[in-house]
Amino acid sequence: NQAFWIGIFILSLWTLVNSKRTLSGVFFMALPLLMMCMYLLVSSLWSLAPAISFRRSILELIVIVSILAIISALQTPSQVFIILYRVAAITLMFESVMLLRTNGFDEAGFFRGIHTQKNVLGLVGAVAVLTGIWVRTSGVLIKTHWNAIYLLGWLSLLVLSQSKTSLALILLAPAIGLGLRKLARSFGVGVGAPLLVLCAIAYSVFAVAFIAGVDVGRAISDWVHQVGFTGRDNIWDFLIARFLERPWIGHGYGGFWDIGLDAPNVRYGIGFITQINQAHNGYLDLLLAVGVAGLVAYVGVVIGFIHCLSVAEHQSQNRTLALCWVFFIFSLLHNITESTLLRGYSPVWVMQLIAMAITYRMAHEAKGSR
């Protein structure tokens, strides 16, 4: 994976030289994201494993710059999803072959295809289905019968995988994303306005409960333990204690998991906690890595993206922007039970970066056409 991304970065250097005007505009729009990358690099100074943090920060920067550069060089931003659709169609053929092989299924009988586990198949399938629906509805296909086979195939594999998170997100992400977008358009405002209202309502409920004497923290903790989240509650209890040791700046980007015997989960964890490599919550992992300061920086990235989305939609409210928004919501929801935020080359994080890069470019083009 590292060799792949370094190779992609080398290929993208041509773009950095020959697409300066578009690239500079996209990089300007992506300034909050690039500034956060600088913070990741600086965090290696106080990391538990400085050399590992520095190397992982450089790799993250390579991934981000490569995606920004390549999307800047395309003739149209929508080409990204056409390419992704073709790749997913080829991948479907390989997945179908694994239906005939015993190692295409895990020990529990769930289909994992060419991947290491069913949840990875679920993520790939969810992205493939959402992209396939976009291709079908955007009018780029002359005939749709192959697309119907494509969608039926991926949906069947998702059912066989029993990846509950991916199956749920295929429904939830479009419902929430497109619902907020439609609500915003009906009031003539950007998509950030409904989100701000929802956050204000949530804060008001929290404030009223706190004033009324309710121990909100304990209530949330009791609810999490009651639900269980497949053992995640035990992981979160342990990791919250580790977060409170370094709440403001964290343990350094990439300086908590997989750093050898000094990793906090290895030194202080018990049972299965010593064998995991993520918090199964992207926001908690972000706090562990770069603390409250890093979380605030990521909130700035989200605000910057929503601003660019609003700018782009003033010029063109098309399906490409809608899919970018859906993938962004998909990533935010996925990180409630899994960790992919700023996680190297994780597929969900890469999709969030692609969605942001397309939106940055379309916002730059919208400003240039005024």
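Residues numbered from 1 in each chain as written. Predicted model: local features only at pLDDT ≥ 70, side-chain atom pairs only at ≥ 80, totals over all residues. Heavy atoms only, no water.

Colleague: Can you help me understand the nonpolar core in this one?
Modeller: Burial of nonpolar side chains together is a common tendency in soluble globular proteins. With 83 residues, the main nonpolar core has Ile-67, Trp-154, Trp-325, Met-356 and Tyr-360 as its most contacted residues. For this core, the leading source of residues is helix 15 (residues 347–368), giving 14 residues. Among all residues touching Trp-154, those that are not within four sequence positions of it are Ala-88, Thr-91, Leu-92, Glu-95, Leu-121, Val-124, Gly-125, Ala-128 and Val-129. If you look at the next biggest cluster of nonpolar residues, it comprises 13 residues, including Ile-235, Phe-238, Phe-243 and Ala-279. (Core = buried A, V, L, I, M, F, W, Y, C linked by side-chain atoms within 4.5 Å. Buried < 20%, exposed > 50% of the residue type's maximum accessible area, 1.4 Å probe, protein only. Helix = DSSP H or I, 4+ residues; strand = E, 2+ residues; numbered from the N terminus. Contact = heavy atoms within 4.5 Å.)

Colleague: What's the story with the packing of helix 3 (residues 31–42) against helix 13 (residues 282–315) in this structure? I'm lost.
Modeller: Two measures define how a pair of helices packs: the angle their axes make with one another and the distance between the axes. Running from N to C, helix 3 and helix 13 point in directions that differ by 160°, and their axes come no closer than 9 Å. With respect to helix 13, the element helix 3 is oriented roughly antiparallel. Once helix 3 is placed against helix 13, the crossing between them reads as right-handed. Residues Pro-32, Leu-33, Met-36, Tyr-39 and Leu-40 of helix 3 lie in contact with helix 13, whose contacting residues are Leu-286, Val-290, Ala-293, Gly-294, Ala-297, Tyr-298, Gly-300 and Val-301. (Axes fitted to C-alpha atoms, helices over the stretch in contact; angles between N-to-C directions. Parallel < 35°, antiparallel > 145°, perpendicular 65-115°, else oblique. Left-handed = near helix turned anticlockwise from the far one by under 90°.)

Colleague: What am I meant to see in a nonpolar patch on the surface here?
Modeller: A cluster of nonpolar side chains, Ile-90, Met-93, Phe-94 and Ile-114, forms an exposed patch at the surface whose accessible area comes to about 420 Å². For Ile-90, the location among the structural elements is in helix 5 (residues 79–98). Judged by relative accessible area, which is 45%, Ile-90 ranks as partly exposed. (Patch = residues over 30% accessible without salt bridge, like charges linked within 9 Å, V, L, I, M, F, W, Y side chains within 5 Å. Areas by Shrake-Rupley, 256 points an atom, 1.4 Å probe, with all protein chains shown as cover. Salt bridge = Lys/Arg side-chain N within 4 Å of Asp/Glu carboxyl O.)

Colleague: Which parts of the structure should I look at to understand the pattern of salt bridges?
Modeller: Pairs may arise between side chains of opposite charge once their charged atoms sit close together. Applying the stated rule across the entire model yields three salt bridges. The residue Arg-181 makes a salt bridge to Glu-313 at a minimum N-O spacing of 2.4 Å. Separated by 132 residues along the polypeptide, Arg-181 in helix 8 (residues 164–186) and Glu-313 in helix 13 bring together distant segments of the chain. Here Glu-313 falls in the buried class, since its relative accessible area comes to 8%.

Take it as geometry only, folks, not as evidence of what the structure does.
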